[in-house]
Amino acid sequence: MTCVDTGTTRGLGHTRPRALTWAAVIVCLLLTTWEAAYAGGATDAGRTAGGLTDIRLGMSADFTASARALGIELYRGAMAYLLPVNAAGGVNGRHISITTYDDRYDPDLAIANTLKLMDRDHVFALFGYVGTPTMNRTLPLLRMHQEEDFYLFFPFTGANTNRIPPYDQFSFNLRASYDQETRGLVDHFIGVHRTRIAIFYQNDAYGRAGWGGVRSALAKHGMEIAGEATYRRGTPFDQSYDRQVAIMQKIGPDAIICIATYPAAAGFVRDMRNRGVDTPIATISFVGSEAMLGLLSTATGTSNRNYTARLVSSQVVPSYFDDSIAVARDYRKAMDHNRASLMPPDSVLSPNGKQPEHPYVPLEYSFTSLEGYLDAKLFVTILRRMGSAPQRSDLAATVMSLGEFDLGMGQALSFGGSTGRRQASDQIYYTVVKDGRFVPFRDSEWEEWAKP
């Protein structure tokens, strides 16, 4: 086994080698030792499901740290779909399980988790990874294991890293990209004459992916980013963001696009409004809209300010309250019916038996758990196409031969085609907060935000 680490160049999603941290080196050496000791007798149980009673998926995500709402809700949504499938006998008699590891949104932990999932747990496929920095560091491992036909399905990120060579061959996406989300926000803001657009972003691969999307979208209009402010990954909600607000006040933009996680986005919005700045602010899908709203709602209760005015969030799945969409109805029913059984294992949420200082309170519904539900539904669709003895070596060909399909979203989805497409959906939805929840923001409603 060779241990590698990659970084990401600014805004482009390309990778370059760099030194591993000592922690990652130790992890790799331990796992390499384990692999050498057991390689002679180990069987790749996940490569073919012919002798298995279940099909194991492997998921590395944040379940205990700053972005835990994303990992937990994505898992809950996936299980809301899988539990009824398993109760009905599974797929061709095989139940589907998800083996989970907590990476705390830390790339080094994600590397270690991925090696365990592939080399020790022999999962059938990787599934539902959360975040750009973690995904970027694990993609080289898929390339190293390409002879074993490991693939990453439906990561919760819109970064380009797994959408362009060389790593596009090892991953499949359901959701639209960050480039598409940021392009839509830029186009809508410019359409209402808000042309000076600034950006607040996480200072890592995730933030740079969004930064690159904003820059490219503005360049198509012959414009540049008006200014920028950054924050460090893991910065909590209760920290002051006055420094970033001061930068924005100096810039004086017409609109701000946030490439952030929910604690930082909520803290930034709170401090912007506390300083009397009412500039329209946009967030993208990775923010975790409902978790952000929960923090802003709590802050509203103590300050009497409206922190959700002029706040728009782009989404990559439709509104879960839209009853004209079949999958929205099915999703809510599944979440309601299985609510008590959807949480990740206690061993993941409370490592070493240590209870978190602030226990996580599950969301009733969210765009994140709806995405997890759709991810699981699509993977089950793929498995059903694979017959009674699915093998990892057949996964890519099966996906690329799906043709057009509908998951109940009211739109045709597809992989393959003349371009070798590995992203099923291009659809972007816009939402704003009304009566304490996110609702669709129609194209005609953007005019209300037109610059005087």
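Scroll up for the structure.
Residues numbered from 1 in each chain as written. Predicted model: local features only at pLDDT ≥ 70, side-chain atom pairs only at ≥ 80, totals over all residues. Heavy atoms only, no water.

Digging into the overall build of the protein chain
The number of helices and strands found in the protein chain is 13 helices and 16 strands. Every one of the 452 residues in the protein chain was classed for burial, and the buried ones make up 58%. Within the protein chain, residue pairs in contact and separated by at least 24 positions form 74% of the contacts whose partners lie at least 6 positions apart. When the accessible surface of the protein chain is totalled, it reaches about 17900 Å², and 50% of it is carbon and sulfur. (Helix = DSSP H or I, 4+ residues; strand = E, 2+ residues; numbered from the N terminus. Buried < 20%, exposed > 50% of the residue type's maximum accessible area, 1.4 Å probe, protein only. Contact = heavy atoms within 4.5 Å. Areas by Shrake-Rupley, 256 points an atom, 1.4 Å probe, with all protein chains shown as cover.)

Things to note about the pattern of salt bridges
Going through the model one piece at a time under the given rule, you end up with 14 salt bridges. A salt bridge links Arg270 to Asp271, with the shortest nitrogen-to-oxygen separation between them at 2.7 Å. For the pair Arg270 and Asp271, a shared accessibility class is recorded, and that class is buried. Of the charged contacts, one joins Asp426 and Arg421 as a salt bridge, the two residues approaching to 2.9 Å between their closest N and O atoms. Connected through salt bridges with shared partners, the residues Arg175, Glu181 and Glu371 form a single ionic network. (Salt bridge = Lys/Arg side-chain N within 4 Å of Asp/Glu carboxyl O.)

As for the packing of aromatic side chains
Within this structure, the stated rule accounts for 30 aromatic pairs. Ring plane angle 5° and centroid distance 4.1 Å describe the contact between Phe200 and Phe268, whose orientation is recorded as stacked. Of this pair, Phe200 sits in strand 8 (residues 197–202) while Phe268 sits in helix 8 (residues 262–274); the two residues are 68 residues apart in sequence, bridging distant segments of the chain. The residues Phe200 and Phe268 share a single accessibility class, namely buried. Ring geometry for Tyr320 against Tyr365: centres 6.1 Å apart, planes inclined by 45°, an arrangement best described as tilted. (Phe/Tyr/Trp six-rings, centres within 6.5 Å; stacked < 30°, edge-to-face > 60°.)

Considerations on the sheet that holds strand 4 (residues 95–102)
Strand order in the open sheet made by the 5 strands is 4-3-5-6-7, with parallel pairing throughout. The open sheet has two free edges, formed respectively by strand 4 and strand 7 (171–172), since each of these has just one partner strand. Packed on one face of the sheet, helix 2 (residues 68–87) meets strand 3 (54–61), strand 4 and strand 5 (125–127) and runs near 165° to strand 4. Across the sheet, helix 3 (residues 107–120) is in contact with strand 3, strand 4 and strand 5; its angle to strand 4 comes to roughly 145°. (Pairing = 2+ DSSP bridges. Axes fitted to C-alpha atoms, helices over the stretch in contact; angles between N-to-C directions.)

Notes on the pairing of strand 16 (residues 437–440)
The pairing of strand 15 (residues 429–434) with strand 16 spans 4 bridges and is classified as antiparallel. By the bridge assignment, Val433 is partnered in strand 16 with Phe438.

Looking at the nonpolar core
Within the largest apolar cluster, 146 residues are counted, with the highest numbers of intra-cluster contacts made by Phe153, Phe154, Phe200, Val312 and Phe379. Element by element, the count of residues in this core is highest for helix 2, at 11 residues. Looking at which domains feed residues into this core, each of domain 1 (55–175 + 323–421) and domain 2 (178–315 + 430–449) gives three or more. Filtering out sequence-adjacent residues up to four positions away, Phe154 remains in contact with Phe127, Gly128, Phe172, Asn173, Leu174, Asp375, Leu378, Phe379, Ile382 and Phe415. (Core = buried A, V, L, I, M, F, W, Y, C linked by side-chain atoms within 4.5 Å. Domains from an automatic or database assignment.)

Focus: unusual backbone geometry
Of the consecutive residues Pro165 and Pro166, the connecting peptide bond is found in the cis state with omega at 5°. Within the secondary structure layout, Pro166 lies in the loop between strand 6 (152–153) and strand 7. Unlike most non-glycine residues, Arg104 shows phi in positive territory, near 55°. Of note, Arg104 is situated in the loop between strand 4 and helix 3. Overall, the relative accessible area of 45% leaves Arg104 in the partly exposed class. Phi is positive for Arg310, close to 55°, though the residue is something other than glycine. Structurally, Arg310 can be placed in the loop between helix 9 (289–303) and strand 12 (311–315).

Remarks on the sheet that holds strand 12
The sheet built from 7 strands is open, its strands ordered 9-8-10-11-12-15-16 with mixed pairing. In this open sheet, the two strands that pair with only one neighbour each are strand 9 (228–231) and strand 16. The mean inter-strand angle of the sheet, taken between neighbouring strand axes irrespective of direction, is 25°. Bridging between strand 8 and strand 10 (residues 255–259) involves 5 bridges; their strand directions are parallel. Note on strand 10: the bridge partner recorded for Ala198 is Ile256. Helix-sheet contacts for helix 7 (residues 242–251) involve strand 8, strand 9 and strand 10, and the interaxial angle to strand 9 is about 175°.

What about helix 5 (residues 178–191)?
Spanning 14 residues, helix 5 covers 20 Å between terminal C-alpha atoms, matching the ideal 20 Å at 1.5 Å per step. With 10 of 14 residues buried, helix 5 is to be regarded as a mostly interior element. Turning to helix 5, its buried residues number three or more, namely Tyr178, Gln180, Glu181, Thr182, Gly184, Leu185, Val186, His188, Phe189 and Ile190. Backbone geometry just after helix 5 places His193 at a positive phi near 70°. (Expected span 1.5 Å × (residues − 1).)

Side note on the side chain of Asp62
Along the chain, Asp62 turns up in the loop between strand 3 and helix 2. Notably, Asp62 is buried but unbridged: the nearest opposite-charge side chain belongs to Arg104, and the N-O separation is 6.0 Å. Within the local environment of Asp62, its side chain forms a polar contact with the backbone nitrogen of Thr64, the two atoms lying 3.1 Å apart. Within the structure, Asp62 has its side chain in polar contact with the backbone nitrogen of Ala67 (distance 2.7 Å). Discounting residues that sit within four places of it in the chain, Asp62 has contacts with Ala67, Arg68, Gly71, Ile72, Asp102, Asp103, Arg104 and Tyr105. (Lys, Arg positive; Asp, Glu negative; His and termini not counted. Polar contact = N/O pair within 3.5 Å; in protein donor to acceptor, adjacent residues only side chain to side chain.)

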